[in-house]
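Coordinate inspection notes
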Amino acid sequence: MAFFVDFELHKCSGKAAEAVQLGSKIGLPPDETPQIPPLELFHPSTSSGKKVDDLDTLPSVHDCAIHLELLHCIHRLRNEVQSSALIKCMGQEPDESKQYKETRALRWSVFLRTAVIRFLLWLEDGSMLPPPDILMVWQACLLNPVYFANLCIEKRCNRIRETPFPWDEIHAAIDFDRMSYRLTTANRERFEQQCGLASDLLSVIESGEREKILDQMSAWLPDATIVTTQSFPPRLPIGNAVRVLLENCIKASGYEQTVNDIAAAVDRQYSFVEKMEQHLWLRSPAVVGTLERAIERYKKFLKLLKWHKGVMLVPTLDIDLVWHTHQCAGVQYQMDMQNFVGAFIDHDDKLGKPILKGGETKTEELFRMHFDSEYMRCLCWDCEAIWSELERVRLSKQRLDKGKRRDMARRIAGLVSYYRSREVARKSFDKDPE
Ligand SMILES: [Zn+2]
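Residues numbered from 1 in each chain as written. Predicted model: local features only at pLDDT ≥ 70, side-chain atom pairs only at ≥ 80, totals over all residues. Heavy atoms only, no water.

The next subject is the overall build of the protein. Secondary structure summary: the protein contains 21 helices and 2 strands in total. For the protein, the proportion of its 434 residues judged to be buried stands at 50%. Across the protein, contacts joining residues at least 24 apart in sequence account for 74% of those joining residues at least 6 apart. For the protein, the exposed surface amounts to about 21200 Å²; the carbon and sulfur share of it is 52%. (Helix = DSSP H or I, 4+ residues; strand = E, 2+ residues; numbered from the N terminus. Buried < 20%, exposed > 50% of the residue type's maximum accessible area, 1.4 Å probe, protein only. Contact = heavy atoms within 4.5 Å. Areas by Shrake-Rupley, 256 points an atom, 1.4 Å probe, with all protein chains shown as cover.)

Before going further, it helps to spend a moment on helix H6 (residues 132-142). Burial of H6 is extensive: 10 of the 11 residues sit out of reach of the surface. Inspection of H6 places Asp133, Ile134, Leu135, Met136, Val137, Trp138, Gln139, Ala140, Cys141 and Leu142 among the buried residues, and these make up the whole buried set.

Residue Pro37 is reached from Ile36 by a cis peptide bond, and omega for that bond is -10 degrees. Checked against the element boundaries, Pro37 lands in the loop between helix H2 (22-25) and helix H3 (61-81). Of note, Leu280 is a non-glycine position whose phi angle comes to about 45 degrees, a positive value. Checked against the element boundaries, Leu280 lands in the loop between helix H15 (256-279) and helix H16 (287-307). Of the residues examined, Leu280 reaches a relative accessible area of 8% and is grouped as buried.

Once that is clear, we can look at the nonpolar core. Within the largest apolar cluster, 92 residues are counted, with the highest numbers of intra-cluster contacts made by Phe119, Trp122, Phe148, Ile170 and Tyr298. For Ile170, the contacting residues outside a window of four places in its chain are Ile66, Leu70, Leu129, Leu135, Phe165 and Tyr181. By size, the runner-up hydrophobic cluster in this structure holds 14 residues, among which are Ile36, Leu280, Ala286 and Met408. (Core = buried A, V, L, I, M, F, W, Y, C linked by side-chain atoms within 4.5 Å.)

Moving on: a negative patch on the surface. Residues Glu189, Glu192, Asp200 and Glu206 make up a contiguous surface patch of negative charge. You can see Glu206 is positioned in helix H11 (residues 201-207). (Patch = residues over 30% accessible without salt bridge, like charges linked within 9 Å, V, L, I, M, F, W, Y side chains within 5 Å. Salt bridge = Lys/Arg side-chain N within 4 Å of Asp/Glu carboxyl O. Lys, Arg positive; Asp, Glu negative; His and termini not counted. Charge placed at Lys NZ, Arg CZ, Asp CG, Glu CD.)

Right, let's talk about the pattern of salt bridges for a bit. Scanning all chains against the criterion turns up 17 salt bridges. Glu374 is the salt-bridge partner of Arg368, the closest N and O atoms lying 3.3 Å from each other. Via salt bridges that share partners, Arg283, Glu423, Arg426 and Lys427 belong to a single interconnected network.

With that settled, consider the side chain of Glu277. Mapped onto the elements, Glu277 comes out in helix H15. Apart from residues no more than four positions distant in its own chain, Glu277 is found in contact with His72 and His75.

The geometry of a pair of packed helices is captured by two quantities: the angle between their axes and the separation between those axes. Packing of H3 against H15 brings their axes to within 9 Å, and their N-to-C directions diverge by 110 degrees. Classed by the angle they form, the pair H3 and H15 counts as roughly perpendicular. Contacts between H3 and H15 pair Leu68, Leu71, His72, Ile74, His75 and Arg78 from the former with Asp267, Gln269, Tyr270, Phe272, Val273, Met276 and Glu277 from the latter. Among the residues forming the contact of H3 with H15, the class breakdown is 7 nonpolar, 3 polar and 3 charged. (Axes fitted to C-alpha atoms, helices over the stretch in contact; angles between N-to-C directions. Parallel < 35°, antiparallel > 145°, perpendicular 65-115°, else oblique. Nonpolar A, V, L, I, M, F, W, Y, C, P; charged D, E, K, R; others polar.)

Quick look at the packing of aromatic side chains now. The tally for this structure, following the rule as stated, stands at 13 aromatic pairs. Relative to Phe176, the ring of Phe42 has its centre 5.3 Å away and its plane inclined at 80 degrees; by these criteria the two rings are edge-to-face. One end of the pair, Phe42, is in the loop between H2 and H3; the other, Phe176, is in the loop between strand S1 (174-175) and strand S2 (180-181), with 134 residues separating them in the sequence. Of the two residues, Phe42 and Phe176, both sit in the buried class. Here the guanidinium or amino end of Arg78 rests over the ring plane of Tyr270, the centre of that ring lying 4.1 Å away. Positioned above the aromatic ring of Trp387, the side-chain terminus of Arg377 is 4.0 Å from the ring centre. (Phe/Tyr/Trp six-rings, centres within 6.5 Å; stacked < 30°, edge-to-face > 60°. Lys NZ or Arg CZ within 6 Å of the ring centre and 35° of its normal.)

Okay, structure coming up:
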């Protein structure tokens, strides 16, 4: 990267061995450990990134930060579903075979399709905070705005698109260090009472109790109870029995196509989840700056959409995060797009790489032309920390001589190392299930 620092910083400052004493080097008192991410990031009243001329409806730093939290929880949920222990209940020991890999994929597919059916039932009321599997499906549906709008008309539940996505309630249900999402007891009971569904889908499948599972199945499809009871294969390992039963249920429901379409939408969205997991901005020292810049860049992206209708514009990852966050607003997103862009902009996540590449090159060209700034950014922790520091220097109108530049470069390297070492510590206490 062509910054005016004296040595290459990009992706190279995370030397874990040096990081241990870095707290003092970045100016922290020895007994103080900063909260990572900072708590004020999630406080509704400190929704930064908004200016007076903005409509209040655009996503704030607070919304984007909670969105990131949710994506990390979805990543964890998928890991849990595919964990070795649970695959044993499908009658298979973990090994290196192709069959084992297929079982992992199958395991996810069973869970996901079950989640979609539960989502369709929850949708009928939709007034209570859903458990993680349903929340994941709801979010993926919102990211296919035109599809979801049509589905809601078909199922007469447009109210759900008018409901603001409950960012604060979601944040309250998330365990910060483990990055897992869990309803409170009160919310769990409310959900179970109103929907007649178990709140913890994973534990139902995991329990292996046929009665419990049958009970759930008939809650999904009262008319198909007989079909489901008859088709519960008694001698299969429980996981496989659930799979066979589920397939029969889906067929009997008449919603086969809908279930498949929505499950595919969740799977497409998962590649974005993985990218966010790799970047892990929430744990970086520059998280506030990263999200503020992403929002500013998203506003520019909206202007491009307005000025170049019909051109396929492709967002960068940071802009995409804000765009996805905005789409979670449902009807509000639709209205904002009418106001800002003059059209309902759908989000097509089915495009292949060659088409995306072409769109990306075009967007880069237009972005540079209109805003005289670079579109593609590295977005790693180091580069983001440098951007934040440069903005601070620009605002303070400081002049940097060679010595100050060198100090600044060292301070950034130390800061990033410190945050990396904190992340290593967090991960070593909390290993994800394999
Ligand atoms: Zn970088």
